[in-house]
Amino acid sequence: MAKKRDEKTPDSTLTTRQGHPVSNNQSQRTVGSRGPATLENYHFLEKISHFDRERIPERVVHARGFVCYGEFEADGMIGNEPTTKYTRAKLFAGKGKKTPLAIRFSTVIGGRDSSEVARDPRGFAVKFYTEDGNWDLVGNNLAIFFIRDAVKFPDVIHSLKPDPITFRQEPNRIFDFMSQTPESMHMLTHLFSPRGIPASYRHMEGFGVNTYKMVNADGGTVLVKYHFHPRCGLASLTAEEAGNVQAKDLGSASKDLFEAIERKDFPQWDMFVQIMDDNEHSELEWDPLDDTKIWPEDQFPLRHIGVMTLNRNVSDHHNENEQIAMGTGVLVDGLDFSDDKMLVGRTFSYSDTQRHRVGTNYLQLKVNQPKGVEGVQTNQRGGQMSHGVDLAPGQNPHVNFEPSIHNGLHEAPRKPYNGPEIKGRLTQSVLERRNDYVQARARYNTMMDWERNDLVANMGDLLSQCERDVQERMLWHFFLVHDDYGTRVGKLLNLTAGDVSKLEPLTGQVLTDEDQKRLGKLGNNGDKIDPNAWGKWTSSVHNYQAKADEVLNGMVKTEPAPVPTPA
């Protein structure tokens, strides 16, 4: 029985957006009970016209996602060294310092209502509401990407999206592109293994993927990579397990995360950084700005920097999930961009997308507003859906330009920045040190048997749906990654090393001396599975992979993730 209203009960009368009470929400205004509706049905017109517009364009990528809130607690140290040695960013400055944050987990290729156990990279995007303004770290659950130059981003996404005619995701389209993109072999070896289907959002890692910089008080810079490791352990699904989950629930990952937070089983991630001197590092066989590569941890160890805890769900999915807007260009003082070619392109694209999708004034929305600063003070005015003016206290409202001597806004004091001097001819060219197969080979070597079996089966199944020329070129790459890789996938396609041995390197492709030797004895190089081959690359990231069977009930079976010893 409904409670009887008394004086203490808040008024819950239904109103229009104009604040007018609605006395009849059951029937339109008509001429008689059966007659035509009249044009002045204001409540109906407002209601239905808003309903017609209550969806905004979904994201081109990362359309399906889930947002929750939490906090980051800093160590006050980077490994065993003071944070101030590397960065003046305030959120890292003191032991126990807490910064509120929002995080959005997502799938990449599928639409807003697609499956959350699809084989797909997962977005791992964190918005830190710092006292110096927002910092967005927009990454993925895999440490690398398919391509190294943002000019190819529309192409790789188009290949992964549905066919523009049949509107089906077609393996032949995907591998047609990948077969002509050697740097994608590292990512593909991860994605088509069980790593490509995380069991839940709580049980996956996060990476900044791109190379960034830290800047200290003196203006000194270092290159940096960001890592998040889940404290509850890492767990993934095979294709068969994912099919069983998908048959019952398309939103299993969101459900798992929401329910974990509601029962106060708050997920946590340890945050680490890898640090490298800010120079070209000619001693390395690959370029540190190449986002298809990871940095070997024996040379650039993981350094613990803090802990992220998620402890609150959203109150409205649309306002806080659909309208949250991330961008790689959103950095605070003490953090900076590198010249990573993917990062430069993302920095324009992300914020440009938000202005198109959410609107010119998307930063006025509550979920996107900075929380730790005293005020937002700009000379920007107007635009669609503007509902405020960014005035400073006492600012002359007539002055929306800078400089001015009539009490307008002024520049902040400049801080030191002593990054390396860069000289070179203006050009359009690829990175010189590419070495596209070495890390894919090391990863293949150290997969567990069940992971390697799943990878081979997935590749064989999908490539069997491709045309012969695509199959041959992909198999050619697999042999250059590892003899066992090429041989096993080839058997599923009725192809051998002899069938692809006459293929030439792709136009512009540069093979290392080791690749050339492997090419000379394709399919007969005596490769052995070396379980220690990954050791120099990572001490922890790939060493606690676990299978999971009961994700629907939030009962993912996994061992706790080992926490690396801080450097």
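Preceding this section is the structure that the text describes.
Our subject in this report is the structure included herewith.

### So, the pairing of strand S4 (residues 98–107)
In step 1: Counted residue by residue, S4 has eight buried out of 10 residues, so it is predominantly covered.
In step 2: With nine bridges connecting them, strand S1 (residues 65–74) and S4 associate as antiparallel partners. When the bridges of S4 are listed, Glu73 appears paired with Lys98.
In step 3: Where S4 meets strand S5 (residues 122–130), seven bridges bridge the pair, whose relative direction is antiparallel. Among the inter-strand pairings, Phe105 is bridged to a residue of S5, identified as Phe124.

### Overview of the packing of aromatic side chains
In step 1: The final tally for this structure, using the stated rule, is 18 aromatic pairs.
In step 2: A centroid spacing of 5.9 Å and a plane angle of 90 degrees characterise the contact between Phe72 and Phe128, whose relative ring orientation is edge-to-face. Within this pair, whereas Phe72 is found in strand S1, its partner Phe128 is found in strand S5, the two being separated by 56 residues in sequence.
In step 3: When its relative accessible area of 0% is taken as the criterion, Phe128 is described as buried.
In step 4: Where Phe478 meets Tyr485, the ring centres are 4.4 Å apart and the plane angle is 15 degrees; that geometry is what we call stacked. Just as Phe478 is buried, Tyr485 falls in that class too.
In step 5: Of the aromatic side chains, those joined through ring pairs into one cluster are Phe72, Phe92, Phe128, Trp135, Tyr212 and Tyr226.
In step 6: Here Arg452 stacks its cationic end above the ring of Tyr444, 5.5 Å away from the centre of that ring.
In step 7: Positioned above the aromatic ring of Trp476 is the side chain of Arg473, whose terminal nitrogen or guanidinium carbon lies 4.7 Å from the ring centre.

### Overview of a nonpolar patch on the surface
In step 1: Where nonpolar side chains cluster on the molecular surface, the patch consists of Leu39, Phe44, Leu45, Ile48 and Phe51 and spans about 490 Å² of accessible area.
In step 2: Its location among the elements puts Ile48 in helix H1 (residues 42–52).
In step 3: Residue Ile48 is classed as partly exposed on the basis of its relative accessible area of 31%.

### Details of the layout of surface pockets
In step 1: In this structure, the largest pocket encloses a volume near 1,600 Å³.
In step 2: Taken together, 46 residues line the largest pocket, and the ones lying closest to its centre are Pro370, Gly375, Val376, Gln377 and Thr378.
In step 3: Contributing elements (two or more residues each) for the lining of the largest pocket: strand S6 (133–140) and helix H8 (341–357).
In step 4: The element that contributes the greatest number of residues to the lining of the largest pocket is S6, accounting for three residues.
In step 5: Tallied by class, the residues present in the lining of the largest pocket amount to 15 nonpolar, 19 polar and 12 charged.

### With respect to the pattern of salt bridges
In step 1: Under the definition given, this model contains 33 salt bridges.
In step 2: A salt bridge links Glu183 to Arg148, with the nearest nitrogen and oxygen atoms 3.7 Å apart. Note that Glu183 is positioned in the loop between helix H3 (171–179) and helix H4 (185–191) and Arg148 in the loop between S6 and helix H2 (153–160), a separation of 35 residues in sequence. Exposure class is identical for Glu183 and Arg148. Each is buried.
In step 3: Across the pair Asp333 and Lys415 runs a salt bridge whose closest N-O atoms are separated by 3.0 Å. Of this pair, Asp333 sits in the loop between helix H7 (317–322) and strand S12 (335–337) while Lys415 sits in the loop between H8 and helix H9 (438–446), placing them 82 residues apart in sequence.
In step 4: Bridged by salt links that share partners, the residues Arg148, Glu183, Asp290, Lys293 and Asp436 form one connected network.

Parameters and conventions
- Every chain begins its residue count from 1, and numbering advances along the sequence as written.
- In view of the model being predicted, local features appear only for residues whose pLDDT reaches at least 70, and side-chain atom pairs are presented and counted only at 80 or more, with totals across whole chains, interfaces and linings using the full set of residues.
- In computing side-chain values, all of the structure's heavy atoms are included and hydrogens and water are not.
- Residue burial is assigned from relative accessible area. The probe radius is 1.4 Å, only protein chains are included, and a residue is buried under 20% of its type maximum, exposed over 50%, and partly exposed in between.
- A run of H or I in DSSP counts as a helix once it spans at least four residues, and a run of E counts as a strand once it spans at least two, with each numbered from the N terminus.
- Should DSSP find at least two bridges between two strands, the strands are taken to pair.
- Aromatic contacts are taken between Phe, Tyr and Trp rings whose centres are within 6.5 Å, Trp giving its six-membered ring; a plane angle under 30 degrees counts as stacked, one over 60 as edge-to-face, and the others as tilted.
- Here, over-ring charges are defined by two tests on the NZ atom of lysine or the CZ atom of arginine: distance to the ring centre within 6 Å, and angle to the ring normal within 35 degrees.
- Patch members must show over 30% relative accessible area and no salt bridge, and they are joined within 9 Å when carrying like charges or within 5 Å when they are nonpolar side chains of Val, Leu, Ile, Met, Phe, Trp or Tyr.
- Reported accessibility uses the Shrake-Rupley method at a 1.4 Å probe radius. Residues are deemed covered only where the shown protein chains occlude them.
- When a carboxyl oxygen of Asp or Glu is within 4 Å of a side-chain nitrogen of Lys or Arg, the pair counts as a salt bridge.
- Cavity means a closed set of points on a 1 Å grid over the protein atoms alone, one where a 1.4 Å probe fits but cannot get out, pocket means an open set with protein on both sides within 12 Å along at least 5 of 7 lines, and lining means a residue has an atom within 4 Å of a point.
- Grid points are joined across faces, edges and corners, and a volume is the space filled by probe spheres set on the points.
- Charged residues are taken to be Asp, Glu, Lys and Arg, nonpolar residues to be Ala, Val, Leu, Ile, Met, Phe, Trp, Tyr, Cys and Pro, and polar residues to be all remaining types, Gly included.

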